[in-house]
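# Summary of structural features
In case you want the letters, here they are:
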Amino acid sequence: MNDRSRALLATFALMLSWSSMAQSLPEGAIQEGSLANQKLIQDAMAGVLVTVASQGCEKPEEFVPYVREMPSGEVGTRVWRELWIVEGCDDTYPIKLRFQEAGAGAANWMIE
């Protein structure tokens, strides 16, 4: 991770509190919130910030996570999907993520 990405992550981490910017669920979402733990959210946020920056917003202001698909599969390999709505730079950036458990207490993420 380069210095710019670290700075963006640090800035965004300060605003990581889940806001109430949305009153209703966005299309495809089944509930507000994330099923990821704080460490996994922090890890995925680095990729989300890079994605949003590549779309022209270097100073995101807030985000709200939503669950799109509940976990399915065997324990330790379950998969679930989320939608993170990032607000900033006078725009909205919907980021779709896929999470998959990688054994006990671990998981991987990818932007879809």
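The rules behind each value
- Residues numbered from 1 in each chain as written.
- Predicted model: local features only at pLDDT ≥ 70, side-chain atom pairs only at ≥ 80, totals over all residues.
- Heavy atoms only, no water.
- Helix = DSSP H or I, 4+ residues; strand = E, 2+ residues; numbered from the N terminus.
- Buried < 20%, exposed > 50% of the residue type's maximum accessible area, 1.4 Å probe, protein only.
- Contact = heavy atoms within 4.5 Å.
- Pairing = 2+ DSSP bridges.
- Polar contact = N/O pair within 3.5 Å; in protein donor to acceptor, adjacent residues only side chain to side chain.
- Expected span 1.5 Å × (residues − 1).
- Bend = angle between axes of the 7 residues up to and from the residue.
- Salt bridge = Lys/Arg side-chain N within 4 Å of Asp/Glu carboxyl O.

- Under an unreviewed UniProt entry, the protein has the name Lipoprotein and belongs to Salinivibrio kushneri.

## Details of the overall build of the protein
- Across its full length, the protein carries two helices and five strands.
- Mapped from its N terminus to its C terminus, the protein presents α and β elements in the order α-β-α-β-β-β-β.
- Burial statistics for the protein: of 112 residues in total, 38% are counted as buried.
- Considering only residue pairs separated by 6 or more positions, the protein has 57% of its internal contacts joining residues 24 or more positions apart.

## Examining the pairing of strand β2 (residues 60–72)
- Pairing between strand β1 (residues 31–32) and β2: two bridges, direction antiparallel. Residue pairing in the sheet places E32 in a bridge with Y66 of β2.
- In this antiparallel pair of consecutive strands, β2 and strand β3 (residues 79–88), the connection spans six residues, and G73 shows a positive phi of 105°.

## Side note on the side chain of E101
- Along the polypeptide, E101 turns up in strand β4 (residues 91–101).
- Side-chain polar atoms of E101 contact the backbone nitrogen of G76, separated by 2.7 Å.
- A distance of 2.6 Å separates polar atoms of two side chains, one belonging to E101 and the other to R78.
- Residues in contact with E101, not counting those within four places in the same chain, are E74, V75, G76, T77, R78, W80, A106 and A107.

## Description of helix α2 (residues 38–54)
- Its 17 residues give α2 an end-to-end C-alpha distance of 24 Å, which sits within 8% of 24 Å, the value for a rise of 1.5 Å per residue.
- Bending of α2 peaks at approximately 25° at the position of M45.
- For α2, the complete set of buried residues consists of L40, I41, A44, M45, A46, G47, V48, L49, T51, V52 and A53.
- In this structure N37 caps α2, since a side-chain oxygen of it lies 3.2 Å from the backbone nitrogen of K39.

## Overview of the pattern of salt bridges
- According to the stated counting rule, one finds five salt bridges in the structure shown.
- Between D43 and K39 there is a salt bridge, with the nearest N and O atoms lying 2.9 Å from each other. One end of the pair is D43 and the other is K39, both in helix α2 and four residues apart, which spans about a single turn.
- For E112, the salt bridge goes to R68, with nearest N and O atoms at 2.5 Å.

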